[in-house]
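# Fold and contact review
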Amino acid sequence: MKTFMIERYGDKAGVRAGEMPDPQVGADDIMVRIHAASINPLDLKLRDGDFKAILPYRLPLILGNDLAGVVVQVGSGVTRFAVGDEVYTRPDKDRIGTFAELIAVHQDDLATKPATLTMAQAASLPLVALTSWQALVERAQVQPGQKVLIHAGSGGVGTIAIQLAKQLGAHVATTTSTANVDLVKELGADVVVNYKQQAFETVLHGYDVVLDTLGGETLNKSLQVLKPGGKVISIAGPPDPAFARELGANAILRLAMSALSFKTRRRAKRRNVTYSFLFMKASGDQLRKLTPLIDAGKIRPVVDRVFPFDQTREAMQYVEKGRAKAGKVVVTMT
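What this report covers is the structure whose coordinates are included nearby. (Residues numbered from 1 in each chain as written. Predicted model: local features only at pLDDT ≥ 70, side-chain atom pairs only at ≥ 80, totals over all residues. Heavy atoms only, no water.)

Taken together, the side chains of Lys 263, Arg 266, Arg 267 and Arg 270 make up a positively charged region of the molecular surface. Locating Arg 266 in the fold gives a position in helix H9 (residues 251-270). We classify Arg 266 as partly exposed; its relative accessible area is 35%. (Patch = residues over 30% accessible without salt bridge, like charges linked within 9 Å, V, L, I, M, F, W, Y side chains within 5 Å. Areas by Shrake-Rupley, 256 points an atom, 1.4 Å probe, with all protein chains shown as cover. Salt bridge = Lys/Arg side-chain N within 4 Å of Asp/Glu carboxyl O. Lys, Arg positive; Asp, Glu negative; His and termini not counted. Charge placed at Lys NZ, Arg CZ, Asp CG, Glu CD. Helix = DSSP H or I, 4+ residues; strand = E, 2+ residues; numbered from the N terminus. Buried < 20%, exposed > 50% of the residue type's maximum accessible area, 1.4 Å probe, protein only.)

Moving on: the pattern of salt bridges. The full count for this structure, using the stated rule, is 14 salt bridges. For Asp 94, the salt bridge identified is with Lys 93, shortest N-O distance 3.5 Å. Lys 221 serves as the salt-bridge partner of Glu 201, at 3.8 Å between the closest nitrogen and oxygen. Linking Glu 201 in helix H6 (residues 200-203) with Lys 221 in helix H7 (residues 216-222), this pair joins segments that are 20 residues apart in sequence. Glu 201 sits in the buried class, given a relative accessible area of 16%. The exposure class of Lys 221 is partly exposed, given its relative accessible area of 29%. Linked by salt bridges that have partners in common, Arg 47, Asp 48 and Glu 320 make up one network.

Turning our eyes to something else, we now look at the sheet that holds strand E11 (residues 191-194). Across the sheet, which stays open at both edges, the six strands sit in the order E11-E10-E9-E12-E13-E14 with parallel pairing between neighbours. This sheet does not close on itself; its edge strands, each paired only once, are E11 and strand E14 (274-277). Direction aside, the axes of adjacent strands within the sheet are offset by 15 degrees on average. Across five bridges, strand E12 (residues 207-212) lies against strand E13 (residues 226-234) in parallel orientation. Looking across to E13, one finds that Val 210 is bridged to Val 232. (Pairing = 2+ DSSP bridges. Axes fitted to C-alpha atoms, helices over the stretch in contact; angles between N-to-C directions.)

Next up on the list: the sheet that holds strand E1 (residues 2-6). Either a parallel or an antiparallel arrangement is found when strands of a sheet pair, and the pairing is made through backbone hydrogen bonds. Spatially, three strands are ordered E2-E1-E4 in an open sheet, and the strand pairing comes out antiparallel. Edge positions in the sheet fall to strand E2 (16-19) and strand E4 (61-62), since each of these pairs with one other strand and no more. Here two bridges tie E1 to E4, and the two strands are oriented antiparallel to one another. Along E4, the bridge assignment pairs Ile 6 with Leu 61.

Such coordinate-based values are descriptive only and should not be taken to indicate function.
Here it is, written out as structure tokens:
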């Protein structure tokens, strides 16, 4: 099958087209012919080797972390799906590789594609929608009337998280640039901070939850806008001990992650708030909970641009150089 892969870490020009054997289908697996996949910042970090200590993939590695497609084969133990079903998924972290013609996915990680979406639109959703769900529903347990700040509201995660937070009944603030103020308002943001004109930490106060997608100084300043007992959940900040335990990391790696996040956790404790790092997980069940919201138009995908599959490397460069105006970049197979 045709793929886009890396053969070594850290080579920005190293993503190349190549042939790989078709995947094998286990008893609980489903073979999907991929119609579309989306580009995520995670793909760039994997290419660069940023996660090689905690995600020890064998090289060559096919990149790609979410997809929409059609079932072409099912294992003997599969009960939920049949050949011909249209599906979408974020494969488990140990079984990525959606920049390819085919993939074998465990049936628990798969969900029926929203009927109202095209393949390209559906492919833009799994990773960012699951990230939003796991941050806001599972981790933060957002309740009606709570105040939630979502950073980078026009980004892949931000566009979905704003809409989900509104469905949970939250009062939502977001940060964005001048060009995307109207978009994030349309998505449901109650308060929009144009970061080119204002410092969010000077105008926002008393928030229950912050979803940090940027890390660095944005994360540090986010602690200031929380009320006592508030939570900042970051997908871009330093890993914490809870993530190390969840990962089953060895003692050395656990110590390293604890050290990386120590200053952030200490700052949070001093302000009587909590910090946690989120690395989203695959979940067909959660996608099935999101699908009715999508089909009802309560959560809509935002797709910036669609590239043909043979331009996957160019699509990654487009994302890396910050050319996407809002939402996700997708590649589609012919």
